[in-house]
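For reference, the chains in residue letters:
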Amino acid sequence: MVEQVSNNISFQHQFRYTFNEPVTVKELTDSLQGYERLAITYLPRVLNSLFDTEVVTLSVLVREISQGSLCEKLIFDLLFKDEETYRNFCNSVRRITGIDAASQGNYMRLICVLIMVALLAYGVSLAKGDKKAAIQQNTINILNLNAEETYIPGEKIVELVEEIAANDKKKVAENAIKVMRPAKKYQGEIELGEQQIMPVSSEIIAELPDKVEMEDAPIIKNFKDIDVQIRATDRDKDSGWAAIIEGVVERRVRVILPADINKDSLANNKTVRADVSVQFKISKTGELEAQNISLDRLTEQP
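In this text the structure is predicted, and so the values were computed from the model without any measurement.

> Outline the environment of Lys 128, supporting the account with residue identities and numerical values.
Structurally, Lys 128 is set in the loop between helix 3 (104-127) and helix 4 (132-144). In contact with Lys 128, not counting residues within four places along its chain, are Glu 207 and Leu 208.

> How would you explain the nonpolar core if you had to name every residue and give the values?
Counting residues in hydrophobic clusters, the biggest one holds 73 residues, and the most contacted among them are Phe 76, Leu 78, Met 108 and Ile 115. For this core, the element with the highest residue contribution is helix 3, accounting for 18 residues. Not counting the four nearest positions on each side in its chain, Phe 76 is found in contact with Ile 9, Ser 10, Phe 11, His 13, Tyr 35, Ala 39, Leu 43, Leu 58, Ser 59, Val 60, Cys 112 and Met 116. Counting residues in each nonpolar core, the second largest holds 24 residues, with Trp 241, Ala 267, Val 278 and Leu 295 among its members.

> So, the side chain of Thr 150: which residues are in play, and what are the values?
On the secondary structure map, Thr 150 appears in helix 5 (residues 147-150). Owing to a relative accessible area of 0%, Thr 150 belongs among the buried residues under this scheme. Setting aside its immediate chain neighbours within four residues, Thr 150 contacts Ile 96, Thr 97, Tyr 107, Leu 110, Ile 111 and Leu 114.

> Can you break down empty space enclosed by the protein residue by residue, with the values?
Overall, the coordinates contain one cavity of 30 Å³ or more when judged by the stated rule. Considering only enclosed or pocket space, the largest cavity measures out at about 70 Å³ in volume. The wall of the largest cavity is formed by Ala 118, Ala 121, Tyr 122, Ser 125, Lys 132, Ile 135, Gln 136, Thr 139, Val 158, Val 161 and Glu 162. Listed by contribution, the elements that provide at least two residues to the lining of the largest cavity are helix 3, helix 4 and helix 6 (154-164). Taken together, the residues of the lining of the largest cavity sort by class into six nonpolar, three polar and two charged.

> Requested: an account of the pairing of strand 6 (residues 219-232), with residues and values cited.
Across nine bridges, the pairing between strand 6 and strand 9 (residues 271-282) is antiparallel. Among the inter-strand pairings, Asp 227 is bridged to a residue of strand 9, identified as Arg 273. Across three bridges, strand 6 lies against strand 7 (residues 242-245) in antiparallel orientation. Each residue of the ladder has a partner; that of Ile 230, found in strand 7, is Ala 243.

> So what about helix 4? Which residues, and what values?
Between its first and last C-alpha, helix 4 extends 18 Å over 13 residues, near the 18 Å set by a 1.5 Å rise per residue. Looking at helix 4, one finds that the buried residues are Ile 135, Thr 139, Ile 140, Ile 142 and Leu 143. Looking straight down helix 4, one finds that the buried residues subtend no more than 160 degrees of arc, so they occupy a single side. Opposite its buried face, helix 4 presents the exposed residues Ala 133 and Ala 134, each directed more than 90 degrees away. Next to the buried residues of helix 4 lie helix 3, helix 5, helix 6 and helix 8 (202-206).

> Residue-level account of the pattern of salt bridges, with values.
When charged atoms on two side chains of opposite charge get close, those side chains can pair. All told, the structure shown has twelve salt bridges when counted by the stated rule. For Glu 83, the salt bridge goes to Arg 87, with nearest N and O atoms at 3.6 Å. On the criterion of helical spacing, the pair formed by Glu 83 and Arg 87 is a turn pair, its members being four residues apart in helix 2 (residues 83-97). Judged by its relative accessible area of 44%, Glu 83 falls in the partly exposed class.

> Outline the pairing of strand 2 (residues 8-17), listing residues and values.
Most of strand 2 is tucked away, with ten of its ten residues classed as buried. Both faces of strand 2 are covered, namely the face carrying Asn 8, Ser 10, Gln 12, Gln 14 and Arg 16 and the face carrying Ile 9, Phe 11, His 13, Phe 15 and Tyr 17. Relative to strand 4 (residues 71-80), strand 2 is paired through nine bridges, and the arrangement is antiparallel. Residue Gln 14 lies in a different strand from strand 4, and its bridge partner there is Lys 73. Pairing between strand 2 and strand 5 (residues 190-192): three bridges, direction antiparallel.

> So, the environment of Ile 140: which residues are in play, and what are the values?
Within the element layout of this structure, Ile 140 appears in helix 4. The buried category is assigned to Ile 140, whose relative accessible area is 9%. Setting aside anything within four residues of it in sequence, one finds Ile 140 in contact with Gly 154, Glu 155 and Val 158.

> Explain the sheet that holds strand 8 (residues 249-256) to me, and be specific about the residues and the numbers.
Taken together, the five strands give a closed barrel; going around it, the order is 6-7-8-10-9, and neighbouring strands pair in mixed fashion. Averaged over all neighbouring strand pairs, the angle between strand axes comes to 50 degrees, with direction disregarded.

Thresholds applied
Residues numbered from 1 in each chain as written. Predicted model: local features only at pLDDT ≥ 70, side-chain atom pairs only at ≥ 80, totals over all residues. Heavy atoms only, no water. Helix = DSSP H or I, 4+ residues; strand = E, 2+ residues; numbered from the N terminus. Contact = heavy atoms within 4.5 Å. Core = buried A, V, L, I, M, F, W, Y, C linked by side-chain atoms within 4.5 Å. Buried < 20%, exposed > 50% of the residue type's maximum accessible area, 1.4 Å probe, protein only. 1 Å grid on protein atoms, 1.4 Å probe; cavity = no way out; pocket = protein on both sides within 12 Å on 5 of 7 lines; lining within 4 Å. Points joined across faces, edges and corners; volume = space filled by probe spheres on them. Nonpolar A, V, L, I, M, F, W, Y, C, P; charged D, E, K, R; others polar. Pairing = 2+ DSSP bridges. Expected span 1.5 Å × (residues − 1). Arc of directions from axis to C-beta. Salt bridge = Lys/Arg side-chain N within 4 Å of Asp/Glu carboxyl O. Axes fitted to C-alpha atoms, helices over the stretch in contact; angles between N-to-C directions.

Any functional reading would require information beyond the geometric quantities listed.
See the structure below:
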């Protein structure tokens, strides 16, 4: 099934477990939620990098669940910024592949399945660190088997996936484990797409840990001589300060003060000029979310 309407494209693909044992509703929903989280957080960003486009949202829908070897038919619905962006995307795909817009549904189905294969394999490799290099090379080999159809080398897809998810490794690993958990429990595998591509083998799945033992490194960005708007003060202690920075930190977050700062003088000013370090984390939607502002140095005395 392929549908194209104004600024979105929808296509169906297959997500299949290779075992026959019945699973609980919770096992199934947890696994699909992990798959959905990987898809909506990272798939649009990889597509945007590959095709210089702007997919703004992705929805994952369940069209059908079949018994036997448990098989879900899932729909990816990609929403582009506007109709012009969607047309430019179709033109970009045509330049790369020679495929016109009316026939691009099958291409998009394949490229998105391959990106999900790379995401799942990357998450598994993070959770199973001792086999990371072998899993990465296996992923590249799998993607390159389809390179004549995608016109994109497997190395490029793997490189983009790892670059885009670099600051969010723990969540990628946790969601990959959630996806694979039923396959681990029932000694099977997971296959994606009509090509029945296995991101990793049952042997690797069987060795996956139940819990990810790793922490993401904080994302720190430095800003020089910038306006810091003080929104909360506490002259008696360091913990009660908060601020925003227009264009960088739009909601107020905690401010970490240097030890030698004059709190009384700082509290009398609504805005100060300073060099700062802002700590971010990745939100559930894949966006940078500010956690705190470290006031490194005032560049103008209040």
